[in-house]
Protein chains: 2
Amino acid sequence: MEIPIQKKVLEANETQAQKNRKMFKEKNIFVLNVMSSPGSGKTETLYKTLKILMPKIKAGVIVGDICTRNDADRLEASGAQVVQINTDQFGGDCHLSADMIEKAARCFDLENLDLLIVENIGNLVCPAEFDIGESAKVVVLSVTEGEDKPLKYPLMFQVADAAILNKIDLLPYLDFNAKEAVDNMLKVHPTMPIFLLSAKTQEGFEPWIEWILDSVKR
Amino acid sequence: MEIPIQKKVLEANETQAQKNRKMFKEKNIFVLNVMSSPGSGKTETLYKTLKILMPKIKAGVIVGDICTRNDADRLEASGAQVVQINTDQFGGDCHLSADMIEKAARCFDLENLDLLIVENIGNLVCPAEFDIGESAKVVVLSVTEGEDKPLKYPLMFQVADAAILNKIDLLPYLDFNAKEAVDNMLKVHPTMPIFLLSAKTQEGFEPWIEWILDSVKR
């Protein structure tokens, strides 16, 4: 029973995702779906990124969490428009779906937006399966997780268009082999650009910011 | 459509979980379901725990991962019997279910087991919803994640019978307020025992080991 029904849910999601994609394209908005485990530093990375990009780039953020609007409050300090989705009203869903994005997008002044960042639910599994109509997906891994995460959660790294290896300021205090982590990401997705950076110190931010600016301009 | 079907899946799981629970009880095996985000240090914590408990306690481990048997290989070095479940054969499932546990349990010599540890898939959301017939649930949070994780993923902390705050050896290098994290866990689950420890240095292991030994004896 389970598999055909999952398929139906994914198909309905895909239909809405294509509608979202068409709408965002018409309005010339680059949509970035940012995914990771809980605690990888997505919010801090996005906050620092938006501080650099705004107001040159007109950016908005959709923040997904099961509960609380803590992340939305943090991101609003960057000056970006922020909309929080709490999935507890959808049964505590472990991912954002295309229909949630469609509803959240209505809260923005889309004519005045170049970049829409979606901070997905902290989960390295389920969000990888749900197209939300984004232009690109980014996965964030932090150096406090294991080097083998890309091999253990391959789908997330296969579908990502770029990866961030975050918290490199902590490398001196950890037994973490960053080269091995990067090699494992490339094993799963050989052509993926990977940005080693620290959201805390902003070390390594330049190539990441450049990648976003190039993507928005395209 | 989605909600009644999810309900059916959860009901079928619950029926199998009750069968598992009855079987484990008859054989006097304490079953511990260990859950967390990817990278919180579950495997290292369990490896060090088993090194202390074995061979006084006869222990087995079921390790859940989408892909690889890296964690199983690490845990086998403790001397425990280890069975790996890879959920990629079940469509990359983001949690272990009661029927997977029933199948994996058949691989053990159950008459010679006091303790069965289940290392669940790295995911702070979905595993909380799936009863596997365990005796107790433990959630592992690490100090490299945010203090507000218990508020953002409340179900996991509500259903847990105990919590570990791991990697306390890293506290000097982080802006992490351990008291705030503990307070947030207690906000969600006021009576939960919480063990602050480091799997790396084994600091704080004593109360955690005592808790397991008491639970196994009961």
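Scroll up for the structure.
Here the structure is a predicted model, which is why all the values come from computation and not from measurement.

Chemist: Quick question: what am I supposed to make of the sheet that holds strand S7 (residues 194-196) of chain A here?
Modeler: Where strands meet in a sheet, backbone hydrogen bonds hold them as pairs that are either parallel or antiparallel. Residues and elements named next belong to chain A. Taken together, seven strands build an open sheet; the order of strands is S3-S2-S4-S1-S5-S6-S7 and the sheet is parallel. Whereas interior strands pair on both sides, the edge strands pair on one side only; in this sheet they are strand S3 (81-86) and S7. Here the average twist between neighbouring strands, direction ignored, is 20 degrees. Taken together, the six bridges between strand S2 (residues 59-65) and S3 define a ladder with parallel strand orientation. Looking across to S3, one finds that Asp 65 is bridged to Asn 86. This element, helix H2 (residues 42-53), spans strand S1 (30-36), S2, strand S4 (115-119), strand S5 (136-142) and strand S6 (162-166) of the sheet and lies at about 165 degrees to S4. Here helix H4 (residues 98-105) sits on the sheet and contacts S2, S3 and S4; the angle it forms with S3, its principal contact strand, is near 140 degrees.

Chemist: Just checking my understanding: could you explain unusual backbone geometry for this structure?
Modeler: The phi torsion of most residues other than glycine is negative, and most of the peptide bonds are trans. Residue and element names in this part refer to chain A. The linkage connecting Met 54 with the following residue, Pro 55, adopts the cis geometry, with an omega of -5 degrees. Considering the arrangement of structural elements, one finds Pro 55 in the loop between H2 and S2. One non-glycine residue, Lys 167, lies in positive phi territory at about 65 degrees.

Chemist: It is not clear to me how the packing of aromatic side chains should be interpreted in this structure. Could you clarify?
Modeler: Each aromatic ring pair is summarised here by two numbers: the centre-to-centre distance and the angle between the ring planes. Residue and element names in this part refer to chain A. The tally for this structure, following the rule as stated, stands at seven aromatic pairs over all chains. Here Phe 195 and Trp 208 contribute two aromatic rings whose centre-to-centre distance is 5.9 Å and whose plane-to-plane angle is 55 degrees, an arrangement assigned as tilted. You can see Phe 195 sitting in strand S7 and its partner Trp 208 sitting in helix H8 (residues 205-217), a full 13 residues away along the chain. With respect to class, Phe 195 is no different from Trp 208; both count as buried. Each residue in the set Phe 195, Trp 208 and Trp 211 is aromatic and connected to the rest through ring pairs, giving one cluster.

Chemist: I would appreciate a short explanation of the pairing of S4(A) in the present structure.
Modeler: The side chains of a regular strand alternate between both faces of the sheet. Residue and element names in this part refer to chain A. Summarising burial for S4: five of the five residues are buried, a large majority. Side-chain alternation along S4 places Leu 115, Ile 117 and Glu 119 on one buried face and Leu 116 and Val 118 on a second face that is also buried. Direction of pairing for S1 relative to S4: parallel, over a ladder of five bridges. Each bridged residue has a counterpart across the sheet, and for Val 34 the counterpart in S4 is Glu 119. Note that S2 and S4 share five bridges and pair parallel. From the neighbouring strand, Ile 62 faces S4, where its bridge partner is Val 118.

Chemist: In this structure, what is going on with the environment of Ala160(B)? I would like to understand it.
Modeler: You can see Ala160(B) is positioned in the loop between helix H6 (154-159) and strand S6 (162-166). In this structure, the C-alpha to C-alpha distance between Ala160(B) and Asn33(B), residues 127 residues apart in sequence, is 9.1 Å.

Chemist: Would you take a moment to explain the sheet that holds strand S1 (residues 30-36) of chain B for this structure?
Modeler: All names here are of chain B. Across the sheet, which stays open at both edges, the seven strands sit in the order S3-S2-S4-S1-S5-S6-S7 with parallel pairing between neighbours. Bordering the open sheet on either side are strand S3 (81-86) and strand S7 (194-196), each of which pairs with just one other strand. This sheet shows a mean twist of 20 degrees between the axes of neighbouring strands, independent of strand direction. Against the sheet, helix H2 (residues 42-53) engages S1, strand S2 (59-65), strand S4 (115-119), strand S5 (136-142) and S6, with an angle of about 165 degrees to S4. In the packing of helix H7 (residues 178-188) onto the sheet, contacts are made with S5, S6 and S7, and the angle to S7 comes to roughly 165 degrees.

Cut-offs and rules
Residues numbered from 1 in each chain as written. Chains lettered and ligands numbered in written order. Predicted model: local features only at pLDDT ≥ 70, side-chain atom pairs only at ≥ 80, totals over all residues. Heavy atoms only, no water. Pairing = 2+ DSSP bridges. Helix = DSSP H or I, 4+ residues; strand = E, 2+ residues; numbered from the N terminus. Axes fitted to C-alpha atoms, helices over the stretch in contact; angles between N-to-C directions. Contact = heavy atoms within 4.5 Å. Phe/Tyr/Trp six-rings, centres within 6.5 Å; stacked < 30°, edge-to-face > 60°. Buried < 20%, exposed > 50% of the residue type's maximum accessible area, 1.4 Å probe, protein only.

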